[in-house]
Amino acid sequence: MKNSVSTFMSAKKSGIKLTMLTAYDYSMAKIIDECGVNGILVGDSLGMVCLGYKDTLSVTMDDMLHHTKAVVRGTKNALVVGDMPFMSYQASLYDAVKNAGRFLQEAGASAIKLEGGAVVCPQIKAIVAAQIPVMGHIGLTPQSVNMFGGFKVQGKNNVDAKKLIEDAKKIEDAGAFAITLECIPAKLAELISKAVTIPTIGIGAGGGCDGQILVYQDMLNMFQDFKPKFVKSFANVGDLMRSGFKAYIKEVTDGTFPANEHCFKIDDEILKNLY
Ligand code: KIV
């Protein structure tokens, strides 16, 4: 079934948990989509898991559009959400609307996500006014890593916890159709989820959220530079890939691959006549 922002809203109403995963290319989007996930986020985590940066700050609009186009080509049913990279929406409302529009117009995404609470509500309002669905993102917002002083759990004291609840309400009022909650204590994330009527999609925010999202390289144990506490390895694809690559190297070097069945044939007569 084709997922849309309405699917997300009605899932929250009927208490059905939503599933999202990240994807960054055609083949992976196709596999993930075929499995029946509700949404695919082309996350700016691209910078870390695909491009090898230490954080997400170097990711550009061009990077994001390039990968979003590939994901859209591989997706039939999931809602594709493009993640607005650092400095594509912070400087002005004009930038925010123009760049959000590029995700839909040039890349074919159906929604965008941006990071931040009350401070980005003017951007959310302007983008929604341009008929572009917006997913908010609060808690550990990786584009603010320098302000946070590292990748840390958010909302652990009274002031910060209250602010997160207020931010979520303001994001809903600004017109967002969903909110990502990242690295927030589970009980607080549950309170936030109850305080808003739009679905919350958690990552490191416990089971009280209305849905979950993970970076696919994390949950398949393919990205091993570091493993956040909230990640569960659902399959050990990293090791599976390693053994596949090693088997290939061995078979090429010992001459087992390619075998006859992998080769194209030619008539001996034609060969004879070549000399
Ligand atoms: O960029 C990303 O992958 C994200 C998720 C972690 C929510 O923002």
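Throughout what follows, the structure given in this document is the object of discussion. Please read all numbers here as calculations on a predicted model, not as lab measurements. Every chain is numbered on its own, with residues counted from 1 as its sequence reads. Restriction of local features to residues with pLDDT of at least 70 applies here, the model being predicted, together with a cutoff of 80 or more for giving and counting side-chain atom pairs; totals for whole chains, interfaces and linings are based on all residues. The basis for every side-chain value is the complete set of non-hydrogen atoms in the structure, without hydrogens or water.

**So, the state of the cysteines**
Note on disulfides: each one is a pair of cysteine sulfur atoms within 2.5 Å. Following the criterion strictly, the structure yields zero disulfides and no others. Not part of a disulfide, Cys209 finds its nearest cysteine sulfur in Cys183, a span of 11 Å.

**Thoughts on unusual backbone geometry**
A cis amide bond links Phe257 with the next residue in sequence, Pro258, at an omega value of 0°. Here a strand is any run of E in DSSP of at least two residues, a helix any run of H or I of at least four, and the numbering for each starts at the N terminus. With respect to the helices and strands, the residue Pro258 is situated in the loop between α11 (237-254) and α12 (268-272). At Cys183, a position not held by glycine, the phi torsion is positive, near 50°. Note on placement: Cys183 falls in the loop between β6 (178-182) and α9 (186-195). Exposure classes here rest on a 1.4 Å probe applied to the protein chains alone. A residue is buried below 20% of its type maximum, exposed above 50%, and partly exposed in between. On the basis of relative accessibility, which here comes to 10%, the residue Cys183 falls in the buried class. We note that Asn221 has phi near 60°; this positive angle belongs to a residue other than glycine.

**Details of the packing of aromatic side chains**
Two rings from Phe, Tyr or Trp (for Trp, the six-membered ring) form a pair when their centres sit within 6.5 Å of each other. Planes less than 30 degrees apart are called stacked, planes more than 60 degrees apart edge-to-face, and all others tilted. Within this structure, the stated rule accounts for four aromatic pairs. Ring centres of Tyr24 and Tyr216 lie 6.0 Å apart, and the angle between their planes is 40°; this geometry places the pair in the tilted category. Taken together, the positions of Tyr24 in the loop between β1 (18-22) and α2 (26-34) and Tyr216 in helix α10 (residues 216-219) put the pair 192 residues apart, joining distant regions of the chain. With relative accessibility at 6%, the residue Tyr216 sits in the buried group.

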